[in-house]
Structures are given as C-alpha cells and as structure tokens.
Amino acid sequence: MNEENETLRWPTNLDHAAIVQRLLQVRAMARTAGLDELAARIGGVESMPAAELGAKVIGALTWIQEKPEHGAIASQLAMVAMNLKNLK
C-alpha cells in the first residue's frame with residue numbers, strides 16, 4: 001500500500017474482502033508505528049461478522065483521530081469507514 005499515491009477520490013466500492021485487506025495493512029502500519037493498542041483493536045478482522053467489523057473500524061478511527069501525528073493511518077481507516085456500507 002502506498003498512501004502517497006492514493007488518489008483524492010477514495011474507492012467507495014470496496015467489498016468485504018478488500019475491506020479486510022485494507023485493515024490488515026492498517027494493522028501492519030500500526031505495529032510499525034508502535035501503536036500496539038490500535039493493532040489490537042483491529043485484531044481478528046479476518047473472521048469477524050460484518051457488524052462487529054464495522055464497530056471495530058469506527059472504534060479504531062475514533063481512537064486514532066486523537067493522535068494527529070498518525071494521519072496516514074487515520075486516512076486509511078476513514079477510507080475503510082466510508083466503505084462499511086458494502087459489508088455483507
């Protein structure tokens with residue numbers, strides 16, 4: 001994932017598998033940044049039902065927004081949040 005090359009127009013058609021893939025990337029970014037709490041918040045997304053996954057994303061986004069120094073991670077979570085309507 002290369003967030004520098006992400007277009008300003010975010011994809012809004014990510015399906016469940018693509019959402020999980022993005023969250024796995026966010027989890028790796030969080031671990032690299034030493035944000036173990038954030039990584040734990042989105043742990044296990046690979047097997048979560050849609051409703052639980054959505055709640056985890058919103059919780060993680062709320063948590064990271066209080067840390068402006070991690071804007072790249074917050075942006076990725078915001079993009080995932082915009083796609084939660086596609087979870088089935």
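Scope of this entry: the structure provided in the associated data block. All of these numbers come straight from a predicted model, not from anything done at the bench. (Residues numbered from 1 in each chain as written. Predicted model: local features only at pLDDT ≥ 70, side-chain atom pairs only at ≥ 80, totals over all residues. Heavy atoms only, no water.)

### A word on the environment of Ala78
Following the sequence through the fold, Ala78 ends up in helix H4 (residues 71-82). Beyond its immediate chain neighbours, meaning those up to four positions away, Ala78 contacts Trp10 and Leu61. (Helix = DSSP H or I, 4+ residues; strand = E, 2+ residues; numbered from the N terminus. Contact = heavy atoms within 4.5 Å.)

### Concerning helix H1 (residues 16-32)
The first and last C-alpha atoms of H1 sit 24 Å apart over 17 residues, in line with the 24 Å expected at 1.5 Å per residue. Among all positions in H1, only Ile19, Val20, Arg22, Leu23, Val26, Arg27, Met29 and Ala30 are buried. The inward-facing, buried residues of H1 contact helix H2 (36-41), helix H3 (50-64) and H4. Positive backbone phi, approximately 75°, marks Gly34, located one or two places after H1. (Expected span 1.5 Å × (residues − 1). Buried < 20%, exposed > 50% of the residue type's maximum accessible area, 1.4 Å probe, protein only.)

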